[in-house]
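# Close look at the chain arrangement
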Amino acid sequence: MKYLKKTFSYLKKNFWLPVAVMIIPAIAACFLSTPYWEVSFVSAFDLSNMSIKSTWHIMFGDSWQYIWPVVVIAVCQIVGTTLIMSAIDKHFKTGKLSIRMPLRLVNNTVFPIAAGVVVMSVISILWRFAEFGLVSLVQVVCEAFDFVPQATVALIGILAVVLFFFHVLIIMPILFWAPTMFVYGYGFRDAAATSFKLISGKKVFRGLFVPLVACVAVQMLVGFLNPYYAVACVVGFIVFLATNVFVPVYVMVSFYGISELDRRDLKPYENVPLPSVEPKKQNGVKNYKTEKRAKSEKHVAKTDAEAKKGGEDNDVV
């Protein structure tokens with residue numbers, strides 16, 4: 001979880017740039033899609049109609065009829081992620097955070113990020129088919145055992161969360177392809193092979209998964225509450241924005257931490273405890289108060305010693 005803490009620490013100081021960059025992609029996504037639909041689809045079930053046909057319509061919806069919303073969302077997120085990761089990489093190398101030349105920033109990293117997004121999209125499509133098959137199997141089994149619809153929905157929800165866990169686990173190495181390519185200069189094939197070795201045993205999955213599952217919980221809660229459309233859009237915007245800001249920042253922070261690369265955005269004395277230094281005399285000038293206190297303590301000690309000695313003499317007499 002140390003990389004999660006470092007990510008939040010970085011966002012605490014420099015949240016303005018990734019938030020500003022991801023506002024437009026989040027707005028586009030909240031109107032054209034629903035965040036984390038591979039899990040939050042559970043809240044859309046009609047308990048009076050739990051057929052496999054209705055499940056297909058819920059899980060896939062109109063995405064097969066209208067491709068342009070998916071394309072618009074993907075393009076916006078690729079551009080936004082490119083700007084964030086390029087700006088952070090420049091910030092780590094030079095100590096300056098800005099997007100003064102956005103075209104140059106996009107040109108530096110757009111291909112590695114676009115390639116990763118395409119691969120993750122293909123995996124997500126195949127994963128959705130596999131998830132649909134398992135959900136249908138659960139429905140058939142629950143129907144055979146005469147489960148009530150609420151129990152069926154609960155089991156489907158648990159299955160969706162478990163599958164989401166493995167989905168994030170599978171795509172996590174792909175997230176590190178882009179920095180491996182534009183930081184190290186590796187080719188696509190070498191970056192794909194290196195990313196697995198890079199994060200192996202580094203404990204970066206938990207720091208990535210915990211915030212994402214928190215966003216999933218928020219989205220599922222809103223889905224079950226079934227609020228007004230405006231409220232659902234606002235919550236979807238917040239969830240999309242939080243995800244789109246967190247993931248690229250976490251990837252860059254953890255990548256530099258795992259690779260042990262120098263970061264010029266950090267001051268050399270940060271997180272280093274300063275030694276305690278006693279006050280010293282300056283240019284041979286004595287500290288009057290310190291000297292007076294020392295003389296007073298010495299006088300009291302001498303008086304006590306004399307009084308004690310006098311008492312012992314009286315006892316002897």
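Let me sum up the structure you'll find in this document. Please read all numbers here as calculations on a predicted model, not as lab measurements.

Conventions adopted
Residues numbered from 1 in each chain as written. Predicted model: local features only at pLDDT ≥ 70, side-chain atom pairs only at ≥ 80, totals over all residues. Heavy atoms only, no water. Phe/Tyr/Trp six-rings, centres within 6.5 Å; stacked < 30°, edge-to-face > 60°. Helix = DSSP H or I, 4+ residues; strand = E, 2+ residues; numbered from the N terminus. Buried < 20%, exposed > 50% of the residue type's maximum accessible area, 1.4 Å probe, protein only. Patch = residues over 30% accessible without salt bridge, like charges linked within 9 Å, V, L, I, M, F, W, Y side chains within 5 Å. Areas by Shrake-Rupley, 256 points an atom, 1.4 Å probe, with all protein chains shown as cover. Salt bridge = Lys/Arg side-chain N within 4 Å of Asp/Glu carboxyl O. Core = buried A, V, L, I, M, F, W, Y, C linked by side-chain atoms within 4.5 Å. Contact = heavy atoms within 4.5 Å. Lys, Arg positive; Asp, Glu negative; His and termini not counted. Charge placed at Lys NZ, Arg CZ, Asp CG, Glu CD. Axes fitted to C-alpha atoms, helices over the stretch in contact; angles between N-to-C directions. Parallel < 35°, antiparallel > 145°, perpendicular 65-115°, else oblique. Left-handed = near helix turned anticlockwise from the far one by under 90°. Nonpolar A, V, L, I, M, F, W, Y, C, P; charged D, E, K, R; others polar.

## Section: the packing of aromatic side chains
Applying the stated criterion across every chain, the model contains 21 aromatic pairs. Residues tryptophan 56 and phenylalanine 60 carry aromatic rings whose centres are separated by 4.3 Å and whose planes lie at 35° to one another, so their mutual orientation is tilted. One end of the pair is tryptophan 56 and the other is phenylalanine 60, both in helix H4 (residues 52–60) and four residues apart, which spans about a single turn. Under the relative-accessibility criterion, tryptophan 56 is labelled partly exposed at 34%. Ring centres of phenylalanine 164 and phenylalanine 209 lie 5.9 Å apart, and the angle between their planes is 40°; on these two criteria the pair is classed as tilted. Of this pair, phenylalanine 164 sits in helix H7 (residues 149–175) while phenylalanine 209 sits in helix H10 (residues 205–225); the two residues are 45 residues apart in sequence, bridging distant segments of the chain.

## Observations regarding a nonpolar patch on the surface
Together, Leu134, Leu137, Val141, Phe145, Phe147, Leu155, Ile158, Val162, Phe165, Phe166 and Leu169 give the surface a local cluster of nonpolar side chains, amounting to about 970 Å² of exposed area. Sorting the residues of the nonpolar patch by element identifies helix H6 (102–144) and H7 as the ones contributing at least two each. Here the nonpolar patch gets six residues from one element, more than from any other, and that element is H7. Note on placement: isoleucine 158 falls in helix H7.

## Focus on the nonpolar core
Counting 79 residues, the largest nonpolar core has Phe41, Phe45, Ile156, Phe164 and Leu208 as its most contacted members. Considering every element that reaches this core, the biggest residue donor is helix H11 (residues 229–259), with 15 residues. Those residues within four positions of phenylalanine 45 in sequence are excluded, and the remaining contacts are Met50, Thr55, Ile58, Val135, Gln139, Val153 and Ile156.

## Examining a positive patch on the surface
On the surface, Lys90, Lys96, Arg100 and Arg104 cluster together to form a positively charged patch. Note on placement: arginine 104 falls in helix H6.

## Here's the deal with the packing of helix H8 (residues 177–184) against H11
The geometry of H8 relative to H11 is characterised by a closest axis approach of 10 Å and an angle of 60° between their N-to-C directions. The orientation of H8 relative to H11 falls into the category oblique. Regarding H8 and H11, the two cross each other, and that crossing is right-handed. Mapping the contact onto sequence places Pro179, Thr180, Phe182, Val183 and Tyr184 in H8 and Val251, Met252, Phe255 and Ser259 in H11. When grouped by side-chain class, the residues that make up the contact of H8 with H11 number seven nonpolar, two polar and no charged.

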